[in-house]
Amino acid sequence: MTKIDSKIPEGALAEKWTNYKAHQKLVNPANKRRLDVIVVGTGLAGASAAASLGEMGFKVFNFCIQDSPRRAHSIAAQGGINAAKNYQNDGDSVYRLFYDTIKGGDYRAREANVYRLAEVANAIIDQCVAQGVPFARDYGGTLDNRSFGGAQVSRTFYARGQTGQQLLLGAYSALSRQVQKGTVKLYTRYEMLDLVIINGRARGIIARNLVTGRLERFSAHAVVIGTGGYGNAFFLSTNAMGSNGSAAIQCYRKGAYFANPCFAQIHPTCVPVHGEQQSKLTLMSESLRNDGRIWVPKKIEDAKALQAGTKKPNDIPDEDRDFYLERRYPAFGNLVPRDVASRAAKERCDAGFGVNNTGLAVFLDFKYAIERLGEDVVRDRYGNLFDMYEEITDEDPYKVPMMIYPAIHYTMGGIWVDYELMTSVPGLFAIGEANFSDHGANRLGASALMQGLADGYFVLPYTIQNYLADQIQVPRFSTDLPEFVKAENEVLEKMKRIKAVGGKHSVDSIHKKLGHIMWDFVGMARTKESLQKALKEIEEVEKDFWKDVFIPGEIDDLNIELEKALRLIDFIEVGKLMALDALNRDESCGGHFREEYQTPEGEALRDDANFSYVACWKYTGENKQPELIKEDLNYQFVKVQTRNYKA
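Computed from a predicted model, the values in this text were never measured in an experiment.

### Some words on the pairing of strand E14 (residues 362-365)
Okay, so step 1: Alternating residues of E14 divide into Val362 and Leu364 and Phe363 and Asp365, and every residue in both groups is buried.
Okay, so step 2: Summarising the sheet, strand E12 (residues 293-297) and E14 pair through three bridges and their orientation is antiparallel. Within the sheet, the bridge partner assigned to Trp295 lies in E14 and is Phe363.
Okay, so step 3: Examined bridge by bridge, E14 and strand E15 (residues 402-411) share three bridges and lie antiparallel to one another. In the sheet register, Leu364 faces E15, and the bridge partner there is Met402.

Rendered as structure tokens:
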């Protein structure tokens with residue numbers, strides 16, 4: 001049986017990272033210049049890693065699927081980034097941030113990794129301030145904080161509703177400096193299509209120039225994947241259209257374990273679906289739950305009138321409004337974690353209390369905040385988010401409540417990595433949302449930016465040296481080696497095979513079919529029967545693809561439909577993995593909710609005796625069942641208990 005070595009250092013929890021850094025292997029400055037590193041991705045994780053490694057003196061090749069790193073999906077993050085600075089003196093600490101993250105993840109994450117994340121978070125804020133990130137400040141000039149779900153302290157640093165954009169610009173400036181210095185070579189409009197392994201180690205990639213259509217080979221001593229998550233397997237999600245899970249699936253097919261694929265986050269505050277022609281969903285920041293109150297009518301007749309359009313939300317008096325999160329979770333109220341808020345919204349809508357014409361929406365109301373604080377204060381805090389909402393819905397949220405409904409957002413699963421962020425393939429590292437490591441079964445809000453920058457700025461630059469210290473004598477690799485030729489030919493054959501189908505269906509039409517299956521059967525609530533049905537129907541989608549997909553244009557030219565088709569094949573693989581993993585996990589935890597496993601109050605019911613492990617799936621071949629390998633989660637420093645946000 002395959003054994004998992006997570007390489008967690010010995011010692012007390014608060015000392016593990018310090019001890020690791022004190023005893024790791026190093027690469028001296030002269031030797032760094034002899035070592036090449038490929039970094040795939042230029043979001044917060046990829047850009048910060050490439051900039052840091054370049055600054056250290058390594059030769060870095062950085063690949064960007066967009067025309068500029070400034071277009072990475074990290075730009076879409078709105079609400080903020082967590083760190084336990086305790087500026088408000090409200091009782092925060094590194095340990096409390098660690099504990100809230102472990103608890104928020106429903107005790108399905110590694111203690112050591114999560115504590116390290118909490119520990120380095122303070123340095124991220126200092127780094128970003130030094131870069132000029134315009135964080136909000138209070139009247140005295142101190143950096144301001146806001147509250148986020150799953151915490152009873154204010155620890156979220158923010159730049160209005162544009163935090164991701166501002167942090168990305170900081171990372172981009174650091175990256176651009178290294179590009180100008182020549183330590184980083186940036187390849188824009190390139191997409192990784194395969195991983196090249198030589199003698200058991202990751203040594204390069206095959207990438208497609210998306211402008212010319214040409215396949216190109218790149219070699220290095222190590223490869224870093226920072227390509228984000230796989231939420232677009234659902235077609236409709238809050239992710240950018242270009243976000244995809246392809247790099248992770250290519251690594252999976254080459255031997256990297258895929259961990260906890262079923263752990264997908266449903267975000268509770270998204271603009272509801274409004275038609276069949278949508279290509280994505282728009283997120284309304286979780287920060288809005290600081291001052292907005294979520295409600296539905298108490299009376300079913302009021303809900304029906306709202307659905308029919310015969311009543312407006314302001315027609316319903318306060319005494320007839322059900323502030324259901326405040327009612328069910330008095331200690332946290334509207335600031336419960338995302339999975340809890342999402343399921344509560346679904347429960348109210350399933351019971352018939354939804355408030356729009358589809359019955360799939362609840363209200364997020366700022367009337368009370370405007371009465372308490374004044375419209376100017378609310379506008380200062382959330383103005384750009386309100387503008388975005390009005391642009392999409394043609395309703396003024398200063399005058400009427402926003403309508404929101406849960407949607408697929410972030411994926412906690414991803415490529416398995418050890419404490420050093422290295423995958424099960426030596427020399428292959430995964431960072432940010434592309435790995436599985438820090439969030440367990442549910443990510444707390446404002447922790448994605450934290451993890452991406454922690455991995456890129458403060459973790460990988462240390463741990464990758466531990467690997468590269470033994471590679472100094474290894475000469476640079478020729479891309480004419482047989483392994484590169486074979487990998488490129490396999491990619492070329494796959495593209496030719498897709499083009500040769502010559503069917504009648506567009507890629508998007510097939511992707512939408514997959515998305516409906518994923519949302520209906522592998523979405524917010526799952527059952528054994530729904531997951532079994534999903535696996536059968538995903539197979540039918542796969543057959544439909546290979547029988548009837550149509551790709552216009554040529555494969556050796558600019559061809560966006562071909563790009564989407566290659567990604568759809570990988571989304572189909574992701575869908576199978578998600579359904580299989582969810583079917584295997586006979587419990588409910590965080591973002592994984594099996595209807596068979598819930599408390600009488602409708603809360604998630606974990607099974608710690610049988611499922612306190614990371615589910616690592618190993619590829620065994622095309623159309624073959626992957627092998628399940630378990631990494632046991634041993635909690636030595638926190639007491640595992642049922643999550644409680646009521647008291």
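### Describing the packing of helix H14 (residues 482-501) against helix H16 (residues 528-548)
Okay, so step 1: At a minimum axis distance of 6 Å, the contact between H14 and H16 shows a crossing angle of 80 degrees. On the basis of their axis angle, the class for H14 and H16 is roughly perpendicular. Taken together, the residues of H16 that come into contact with H14 (itself represented by Arg497, Ile498 and Val501) are Phe545, Trp546, Lys547 and Asp548.
Okay, so step 2: Each residue belonging to the contact of H14 with H16 can be placed in one class, and the counts come to four nonpolar, no polar and three charged.

### Overview of the sheet that holds strand E18 (residues 613-618)
Okay, so step 1: Strand order in the open sheet formed by four strands is E16-E10-E18-E19, with antiparallel pairing between adjacent strands. Each end of this open sheet is capped by a strand with a single partner; those strands are strand E16 (414-415) and strand E19 (627-632).
Okay, so step 2: Inspection of the sheet shows E18 paired to E19 by six bridges, in the antiparallel sense. Looking at the pairing, Ala615 lines up with Lys630 of E19.

### Considerations on the nonpolar core
Okay, so step 1: Ranked by size, the top nonpolar core spans 201 residues in total, and within it Ile81 and Ile225 carry the most contacts.
Okay, so step 2: At 13 residues, helix H17 (residues 560-584) tops the list of elements feeding residues into this core.
Okay, so step 3: With residues up to four places along the chain from it excluded, the contact list for Ile81 reads Ile124, Ile125, Phe135, Arg155, Thr156, Phe157, Thr163, Leu167, Ala446, Leu449, Met450 and Leu453.

### Looking at the pattern of salt bridges
Okay, so step 1: If you walk through the whole model with that rule in mind, you get 54 salt bridges.
Okay, so step 2: Where Glu216 meets Arg214, a salt bridge forms, and the shortest distance between an N and an O atom there is 3.0 Å.
Okay, so step 3: As a salt-bridge pair, Asp318 and Arg321 come within 4.0 Å of each other at their nearest N and O atoms.
Okay, so step 4: Residue Arg321 is classed as buried on the basis of its relative accessible area, which comes to 3%.
Okay, so step 5: Several salt bridges converge on common partners, so that one network encompasses Asp106, Arg108, Asp339, Arg343, Arg585, Glu587, Arg606, Asp608 and Arg643.

### Examining the packing of aromatic side chains
Okay, so step 1: Throughout the structure, instances matching the rule amount to 30 aromatic pairs.
Okay, so step 2: Summarising the aromatic geometry, the rings of Tyr20 and Tyr419 are spaced 5.9 Å apart at their centres and angled 65 degrees between planes, so their arrangement reads as edge-to-face. Here Tyr20, found in helix H1 (residues 16-23), pairs with Tyr419, found in the loop between E16 and strand E17 (428-430); they are 399 residues apart in sequence, far enough to count as distant. Taken individually, Tyr20 and Tyr419 each receive the classification buried, so the pair is uniform in this respect.
Okay, so step 3: Seen from their ring centres, Tyr190 and Phe218 are 6.0 Å apart, and the 80 degrees between their planes marks the pair as edge-to-face. Of this pair, Tyr190 sits in strand E6 (residues 190-198) while Phe218 is found in strand E8 (residues 215-219), placing the two residues 28 residues apart along the sequence. The pair formed by Tyr190 and Phe218 is uniform in burial state, with each residue classed as buried.
Okay, so step 4: A network of ring pairs unites the aromatic residues Trp17, Tyr20, Tyr419 and Tyr462 as a single cluster.
Okay, so step 5: Positioned above the aromatic ring of Trp17, the side-chain terminus of Arg116 is 4.8 Å from the ring centre.
Okay, so step 6: In this arrangement the basic side chain of Arg293 is found over the ring face of Phe323, its NZ or CZ atom lying 3.8 Å from the centre.

### Observations regarding the sheet that holds strand E9 (residues 222-225)
In sheet architecture, strand pairing relies on hydrogen bonds along the backbone and comes in two forms, parallel and antiparallel.
Okay, so step 1: Across the sheet, five strands lie side by side as E5-E2-E1-E9-E17; this open sheet has parallel pairing. Edge positions in the sheet fall to strand E5 (184-188) and E17, since each of these pairs with one other strand and no more. Taken pair by pair, the neighbouring strands of this sheet meet at an average axis angle of 20 degrees, ignoring direction.
Okay, so step 2: Judged from the four bridges that link them, strand E1 (residues 36-40) and E9 form a sheet pairing that is parallel. In the sheet register, Val37 faces E9, and the bridge partner there is Ala222.
Okay, so step 3: In this fold helix H13 (residues 448-468) packs onto E1, E9 and E17, with an angle of close to 150 degrees to the strand it touches most, E9.

### Remarks on the environment of Leu558
Okay, so step 1: Within the secondary structure layout, Leu558 lies in the loop between H16 and H17.
Okay, so step 2: We classify Leu558 as partly exposed; its relative accessible area is 49%.
Okay, so step 3: When the C-alpha positions of Leu558 and Asp480 are compared, they lie 25 Å apart, and in sequence the two are 78 residues distant.

### Some remarks on the pairing of strand E7 (residues 201-209)
Okay, so step 1: Where burial is concerned, most of E7 is hidden: eight out of the nine residues are buried.
Okay, so step 2: As defined by bridge partners, E6 adjoins E7 across eight bridges and the pair is classed as antiparallel. Residue pairing across strands places Val196 opposite Gly204, the latter belonging to E7.
Okay, so step 3: In this antiparallel pair of consecutive strands, E6 and E7, the connection spans two residues, and Asn199 shows a positive phi of 50 degrees.
Okay, so step 4: Sheet topology places E7 next to E8; five bridges connect them, and they run antiparallel. Bridging from a neighbouring strand, Gly204 pairs with Ser219 of E8.

Definitions and cut-offs
Residues numbered from 1 in each chain as written. Predicted model: local features only at pLDDT ≥ 70, side-chain atom pairs only at ≥ 80, totals over all residues. Heavy atoms only, no water. Buried < 20%, exposed > 50% of the residue type's maximum accessible area, 1.4 Å probe, protein only. Helix = DSSP H or I, 4+ residues; strand = E, 2+ residues; numbered from the N terminus. Pairing = 2+ DSSP bridges. Axes fitted to C-alpha atoms, helices over the stretch in contact; angles between N-to-C directions. Parallel < 35°, antiparallel > 145°, perpendicular 65-115°, else oblique. Contact = heavy atoms within 4.5 Å. Nonpolar A, V, L, I, M, F, W, Y, C, P; charged D, E, K, R; others polar. Core = buried A, V, L, I, M, F, W, Y, C linked by side-chain atoms within 4.5 Å. Salt bridge = Lys/Arg side-chain N within 4 Å of Asp/Glu carboxyl O. Phe/Tyr/Trp six-rings, centres within 6.5 Å; stacked < 30°, edge-to-face > 60°. Lys NZ or Arg CZ within 6 Å of the ring centre and 35° of its normal.

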